[in-house]
Amino acid sequence: MPTSPAITNLEELKSHPAVARLLAWNSSAVQGAKFDREEMTIYVDRSSIREACALLRDDAECAFNFLSDITCVDWYPSEPRFELVYHLLSISKKERVRLKVRLDSASPAVESLTSVWPGANYFEREVFDLFGIRFTGHPYLRRILMPEDWEGHPLRKDYPVEGYS
Amino acid sequence: MILNMGPQHPSTHGVLRVLLEIDGETVIRMMPDIGFLHTGIEKTCEAKFYQQVVPLTDRIDYLCPMTNNLCYVLAVEKLLGLEIPPKAQWLRVLLNELTRINSHLVWLGTHALDLGAMTVFLYCFREREEVLRMFEMVSGQRMMTSYFRVGGIALEPPLGFFDRVRDFASYFSSKVDEYENLLTGNPIWMMRTKGVAVITAEDAIALGATGPTLRGSGVDLDLRRDMPYSGYENFKFKVPVAQEGDVFARYMCRVQELRESNEIVKQALAGMPEGPIKADAPKVVLPDREKMKTEMEALIYHFKIITEGFAVPVGEVYQAVESPRGEMGYYIVSDGTAKPYRVHMRSACFANLQTLPKMCEGRLLADVVAAIGSIDIVLGEIDR
């Protein structure tokens, strides 16, 4: 079963309820979309991620009421360096969508989702701890897995896997 | 007063430290502190070939190794676009349900032990021992099985394995009756669990809880039924849901799940298809030993896969399975090489742990032990 090529044209993906809803709300917030391996990815502008999530959560047709996961990918040395990845799940529709926010390395900061889902708390602390991305408005943004006095952010690609640098 | 519970405390099921601000015996504020078991598995994965990651996935949640194996290989197979033969899928389901039984037995035993019921622990570990022996039979290991391969499973199960599972499945539900006889109607058990550590459905969803922690609050979500993977759509089973949201509700959900898992095991045994156990993908799946010793190409493929791994097409997938604790998810990003660019594990316990302060604040100190036991945490999975 070879995988079919990814669809990256926003025009073709407009029928997806989450894409349609976000475009209707604010077309400049959607930077792109991708449908690959039966999974929907929407690139959202970094300033609108919190509002976009609240919108998708409350919209009756999308009903993405559950935050599964927040994580990050480091594309060092290319820019924008970081890609924040949000996985949302709709419990009633049994569907998933992935939202992505691109951040450059100069000031990696984004609005916290804790006001939308309190459960974002630990996930954002983990991303802060391991990637060094700041979440503005987070109630308790401190290291969670590494010791308090640790230097550096281990999951960044310029952090060595072994030995001392 | 600030009280430190753990990290070395028998009822925290590992190395969880809980900071408790108490007034007399009432908990005012609670803060879980984690990270004591952090080993950087996600970082390690980035330096391994795809197949070499499988043993690491065992070690994050050591009570359900097969579930983690399955979730990881499903994600890689989705990236590769591999089709898995039915027999391998059914065997994976069979072993996953045995894993669920194993994990729930450890949970039930230790949870009851925390609340003072010692006998249940001994009963549960008696049956768990049998499950571990069956794991040893198929994989050679009791706990860190690493039995699944990208594209199938490692080996045919040995002779006598299915008979042994059939025998176990035939008597297991009577053993669940034994546990229930000791606990379900027991007045002490009910006083320690009913109405304790309540969480509402809205709070559970907002905090990201999954699995029995969510179903105990009345939300009917089970990924095996709702977003089937690995052929779960072929099995008939009920998803136990309780409405109360207290420790007893979560207990009932898990005990019923033991019975349902046993039913799935029986169905898997009855309908086990014939055929190969590995996908037909010579560049990904290792050849049989026999072929390797007689055919030139097989030997070349074997050498290539072992020394260079196999390249995975560029892309990203998120694959979630229903682990005994909730939604276990793997997010894998591939850059087209033989090593994953990024592996992220969405751990069910990590999110479930956030419900703990909501459950305990304003309650008695003694109920903290019941609450921690009821969300069934495994610290290896939380800290990774």
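Here goes a summary of the coordinates provided. All figures in this text were calculated on a predicted structure; none of them were measured in a lab. (Residues numbered from 1 in each chain as written. Chains lettered and ligands numbered in written order. Predicted model: local features only at pLDDT ≥ 70, side-chain atom pairs only at ≥ 80, totals over all residues.)

### A look at the overall build of chain B
Line of reasoning, step 1. Looking only at helices and strands, chain B features 17 helices and eight strands.
Line of reasoning, step 2. By principal-axis analysis of the C-alpha atoms, chain B measures approximately 75 × 45 × 35 Å.
Line of reasoning, step 3. Considering chain B as a whole, with its 384 residues, one finds that 53% of them fall into the buried category.
Line of reasoning, step 4. For chain B, long-range pairs separated by at least 24 residues make up 70% of all intrachain contacts whose partners lie at least 6 apart in sequence. (Helix = DSSP H or I, 4+ residues; strand = E, 2+ residues; numbered from the N terminus. Buried ≥ 20, exposed ≤ 12 C-beta atoms within 10 Å, placed from the backbone. Contact = placed C-beta atoms within 7 Å.)

### Structural notes on the interface of chain A and chain B
Line of reasoning, step 1. Contacts between the two partners involve 30 residues from chain A, matched on the other side by 33 residues from chain B.
Line of reasoning, step 2. Every element with two or more residues in the side of chain A that touches chain B is listed here: strand 3 (66–74), strand 4 (82–90), strand 5 (95–103) and helix 3 (120–131) of chain A.
Line of reasoning, step 3. When its residues are assigned to classes, the side of chain A that touches chain B shows 16 nonpolar, seven polar and seven charged. (Nonpolar A, V, L, I, M, F, W, Y, C, P; charged D, E, K, R; others polar.)

### Let's talk about the nonpolar core
Line of reasoning, step 1. Counting residues in hydrophobic clusters, the biggest one holds 159 residues, and the most contacted among them are A:I133, B:V76 and B:A371.
Line of reasoning, step 2. Here this core takes 13 residues from helix 4 (residues 86–114) of chain B, the largest share from any one element.
Line of reasoning, step 3. Apart from residues no more than four positions distant in its own chain, B:A371 is found in contact with B:A197, B:V247, B:L356, B:M359 and B:C360. (Core = buried A, V, L, I, M, F, W, Y, C linked by C-beta atoms within 7 Å.)

### Observations concerning the sheet that holds strand 7 (residues 326–334) of chain B
Residues and elements named next belong to chain B.
Line of reasoning, step 1. Read across the sheet, three strands follow the order 6-7-8 without closing on themselves; strand pairing throughout is antiparallel. The sheet is open, and its two edges are formed by strand 6 (315–323) and strand 8 (342–346), each paired on a single side. With direction set aside, neighbouring strand axes in the sheet form an average angle of 15 degrees.
Line of reasoning, step 2. Pairing of strand 6 with strand 7 involves nine bridges; the strand directions are antiparallel. Residue pairing in the sheet places S323 in a bridge with G326 of strand 7.
Line of reasoning, step 3. Together, strand 6 and strand 7 form the strand contacts of helix 3 (residues 65–80), whose direction differs from that of strand 6 by roughly 150 degrees. (Pairing = 2+ DSSP bridges. Axes fitted to C-alpha atoms, helices over the stretch in contact; angles between N-to-C directions.)

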